[in-house]
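What the coordinates show
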Amino acid sequence: MRHRRIAAGGLALGVVLLTDVLRVWLPGIITIFGQAASTPAELMGAFALGWFVLALATPALIRRVGARRVTLVAAVLLAALRLALTASPGGRPQLWLATAGLLAGLVWLAGTAAGTDQPVPGLALGLALGAAGHAVLDTYDLVWRGDVLAWLVSAVLVLLFLAAQAVRPAPPRLGGSRAWLLAGPALLLAGMLALSPAVACTASSYLWGEDGVAVSPVFGLAPVPLAVAGFLLTALAPLPFRVGRLLGPVVLLSGVVLFALDRGRLLLPALLLAAVGLGVCLSTAARANGGPRAGGTATAARASGGRGGAGPATSGEAAPRRAYAVTGGMLVFAIAAVAYYSAYDLGYPHSWVPVAVAGLVAAVVVTTSPEGRPVPVPLPAVRTTAVVAALALLGPLGGADEGPLDDSRGEPPAELTVVAYNIRMGFGLDGRLDLPGLARAVGPRPPDVVVLSEVDRGWLLNGGHDTLDLLADRLGLPYVFAPAADTLWGDAVLTRWPVSAPRTRPLSAVGAPTGAQALAVTLDLGDGLRVAVVSTHLQPPPRHGPVVQAREVAAFATGYAAGRPLVVAGDLNTQPGDPAFGEFTRAGLVDALVAARPLATSPADDPREQIDHVLVTSDLVATRAVAPRSTASDHLPVAVTLTLPRGR
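Here is a short report on the structure shown in this document. (Residues numbered from 1 in each chain as written. Predicted model: local features only at pLDDT ≥ 70, side-chain atom pairs only at ≥ 80, totals over all residues. Heavy atoms only, no water.)

**Digging into the pattern of salt bridges**
Note the following rule: One side-chain nitrogen of Lys or Arg within 4 Å of one carboxyl oxygen of Asp or Glu is enough to make a salt bridge. Secondary structure counts use DSSP, requiring at least four H or I residues in a row for a helix and at least two E residues in a row for a strand, with both numbered from the N terminus. To sort residues, take the accessible area from a 1.4 Å probe on protein chains only and compare it with the maximum for the residue type: under 20% means buried, over 50% means exposed, and anything in between is partly exposed.
A complete count under the given rule lists 14 salt bridges for this structure. Ionic pairing is found between Arg82 and Asp20, a salt bridge with its closest N-O pair at 3.1 Å. Taken as a pair, Arg82 in helix α4 (residues 67-87) and Asp20 in helix α1 (residues 2-33) lie far apart in primary sequence, 62 residues in all. Considered together, Arg82 and Asp20 belong to a single accessibility category, that of buried residues. Taking the shortest distance from any N to any O, the salt bridge between Arg608 and Asp606 comes out at 2.8 Å. Its relative accessible area of 43% is what places Asp606 among the partly exposed residues. A single salt-bridge network, built from bridges that share partners, covers Asp20, Arg23, Arg82 and Asp141.

**What about the nonpolar core?**
Defined as follows: Only buried Ala, Val, Leu, Ile, Met, Phe, Trp, Tyr and Cys residues count toward a nonpolar core, and they belong to the same one when joined by side-chain atoms within 4.5 Å. In what follows, residue pairs with any heavy atoms lying within 4.5 Å of each other are defined as contacts.
In this structure, Trp25, Phe52, Leu195, Phe231, Leu252, Leu452 and Leu494 are the most contacted members of the largest nonpolar core, which totals 150 residues. Look past the residues within four positions of Trp25 in its chain and what remains in contact with it is Phe47, Ala48, Trp51, Phe52, Leu95, Ala98, Thr99 and Leu102. Counting residues in hydrophobic clusters, the runner-up holds 34 residues, among them Val213, Val215, Val449 and Val640.

**Re unusual backbone geometry**
Most peptide bonds adopt trans geometry, and most residues besides glycine take a negative phi value. Residues Arg597 and Pro598 are joined by a peptide bond in cis, for which omega reads -5°. Within the secondary structure, Pro598 is located in the loop between β10 (590-591) and β11 (612-616). Looking along the chain, the bond that leaves Ser602 and enters Pro603 is cis, with omega of -5°. With respect to the helices, strands and loops of the structure, Pro603 is situated in the loop between β10 and β11. Phi at Thr139 takes a positive value of approximately 70°, unusual for a residue other than glycine. For Thr139, a relative accessible area of 2% translates into the label buried. For Asp527, which is not glycine, the phi dihedral falls at a positive 55°.

**Notes on the sheet that holds strand β3 (residues 449-456)**
Basically, it comes down to this: The pairing criterion is simple: DSSP has to find at least two bridges between the two strands. All axes here are fitted lines through C-alpha atoms, helices being fitted over the stretch that makes contact, and every angle between N-to-C directions spans 0 to 180 degrees.
Strand order in the open sheet formed by seven strands is β1-β4-β5-β3-β2-β13-β12, and the pairing between neighbours is mixed. Unpaired on one side and paired on the other, β1 (214-215) and β12 (621-626) mark the two borders of the sheet. Pairing of strand β2 (residues 415-422) with strand β13 (residues 638-643) involves six bridges; the strand directions are antiparallel. Counterpart to Val418 in the pairing with β13 is Val640. Strand contacts of helix α20 (residues 467-475): β3, β4 (479-486) and β5 (489-495), with the helix running at about 155° to β3, the strand carrying the most contacts.

**Side note on the side chain of Thr601**
Rules: Nitrogen and oxygen atoms within 3.5 Å of one another constitute a polar contact, given that in protein one can donate a hydrogen and the other can accept it, and given that sequence-neighbouring residues count only through two side-chain atoms.
Structurally, Thr601 is set in the loop between β10 and β11. A polar side-chain atom of Thr601 sits 2.5 Å from a polar atom in the side chain of Asp612. Excluding residues within four positions of it along the chain, Thr601 makes contact with Pro607, Glu609, Gln610, Ile611, Asp612, Ala627, Asp634, His635, Leu636 and Val638.

**Notes on the pairing of β13**
Regular strands place their side chains on alternate faces of the sheet. Most of β13 sits inside the fold, with five of its six residues counted as buried. As defined by bridge partners, β12 adjoins β13 across four bridges and the pair is classed as antiparallel. Among the inter-strand pairings, Val621 is bridged to a residue of β13, identified as Thr643.

**Details of a nonpolar patch on the surface**
Going by this rule: For patch detection, residues must exceed 30% relative accessible area and be free of salt bridges, and they are connected within 9 Å for like charges or within 5 Å for nonpolar side chains (Val, Leu, Ile, Met, Phe, Trp, Tyr). Where accessible areas are quoted, they stem from the Shrake-Rupley method and a 1.4 Å probe; at the residue level, only the protein chains shown are allowed to cover.
Taken together, the side chains of Leu149, Leu152, Val153, Val156 and Leu160 define a hydrophobic patch exposed on the protein surface, amounting to about 450 Å² of accessible area. Position of Leu160 among the secondary structure elements: in helix α8 (residues 148-166).

**A few points about α1**
Within an α-helix, residues lying three or four positions from one another point in the same direction, as the helix has 3.6 residues per turn. This is how the line gets drawn: Helix span, as expected, comes to 1.5 Å for every residue beyond the first. Bend at a given residue is defined as the angle between two axes, one fitted to the seven residues that end at that position and one fitted to the seven that begin there.
Between the first and last C-alpha of α1 there are 44 Å, a value that for 32 residues agrees with the 46 Å anticipated at 1.5 Å per step. Pro27 marks the point of greatest bend in α1, at about 35°. Of all 32 residues in α1, 25 are buried, a share of seventy percent or more.

**Side note on the sheet that holds β10**
Spatially, the six strands line up as an open sheet ordered β6-β7-β8-β9-β11-β10, and their pairing is mixed. Each edge of the sheet is formed by a strand with only one pairing partner; in this case those strands are β6 (499-506) and β10. Across five bridges, strand β9 (residues 566-571) lies against β11 in antiparallel orientation. Along β11, the bridge assignment pairs Val568 with Leu615.

The structure is reproduced here in structure tokens:
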């Protein structure tokens, strides 16, 4: 039992390290290999899938040199590359370090599978620890922090992982392939929904908002300990087999279907149901592991991946089957991730992807039959769950958000400072998550209003961060968020002033694959002075300007303002003089940046296009318009000071 506990702990730490690498590698495909959307989605998908296909050769390598040697070498490489990513300067070196780390992690996982018949305790513990740690870090990874504490914690994780790998595992029993097959799908569903702290925070913010928008919550990470506890307890303390085989798939599919419905208020029940359902499914699949122990010393050695011939098919072939199962499951992870997120470039329906993955998990579980006597779980279920859930609880306790500002009134200001910024999900031109750089670009002092485009709140593709919540914390400004592409990606307004009457209006797609919307809020500046602010990010159809969307935004904004001072800002993907830009001027809006023209904002390292704008009604006088230089995004921010009318 001691060996099995060490093996489960080593597997859990390896899952945490592999997840860390994936949180760097996945956004690197978009921001570094993808060259800011200039690379075709098909080519990015082929690059991503190629490494998972290459990992399918690992079982043959294990047959040739033995699982133990393969596992140890891959573990050392995974550990070294995980540490190297923290020191990476970004760019191509970061991409290739993360790619090498991914491949090392896949090979290590296959080698571990070859010698382990009971993966669920370690897999479940690793997924739960990763979620709890991410919550404690407020979804801002150690890899991106790079401070002394981040290095220290990373080094401790790596050393504990390597120490666990150095302990020779007990000879495995037969079986385990079904549970290993679910490793990739479980990693996808956990990172996309079930155990994502960023999704939990976003779900909480929708509960605080109204009319389809989200606002800064208090204790936004509060659902994480519940999800972690429900997942880990059901994974380690299995239900009766017949109950689990039916209940797990039903609960998991219910949660994933709610997620696919793309409604903000359904996110929280979707997350909790998916977490519990995934735990039940994993524990039920693990019941197929309890066959007789591989007989004979030589046969047991072959089953664990040692040198020698193939041996009897019932024993010597178990190790390769498990290795093929886990590499195949990870290939499912890659295919599903590429299929889901490339839809935003290629424009096909994609909500079926996580449902299909959950359906695969359900099919594996429903067709599972228990083999032999149940094997005791090496980790105490209640005690382990309590410890990990307590760790996850540090997230909401230590990172409570300010929540909406008090509805207080004072003397109205004479001016408003407004910044509009397309933040590219938080990633700079070097491919690193650059929250300090974004905060510096916004200004040395937080402005009155910040309008953000391309706001990511938990996409697995971008590493699973809640970029909006992280940036709002740095600026000390509450936010209002509206979904555009889906419930986790859209536009936001951050402001120090009380906000009322938030409204969001979806815009016509007109052939553009990524969704677009217009978010309107009213700022109450005191003494009866109210200003309407509209945040939007126009998405033009291929080879055309966003004329239709611009017309819709202009009509929506002027109607919402109803004669009050109005600010419309964001990445409009149109330049002064273009037909789409003319839709705003025909609606009576004025270019607030005109005195500083030309004011190019894209691309950030060599700005040539004027596509980020602030437009206002004529009763707002604009001065001091600038576009501060920064490479924290692929756009530059635009900032302007607006003199407010008096006596309104």
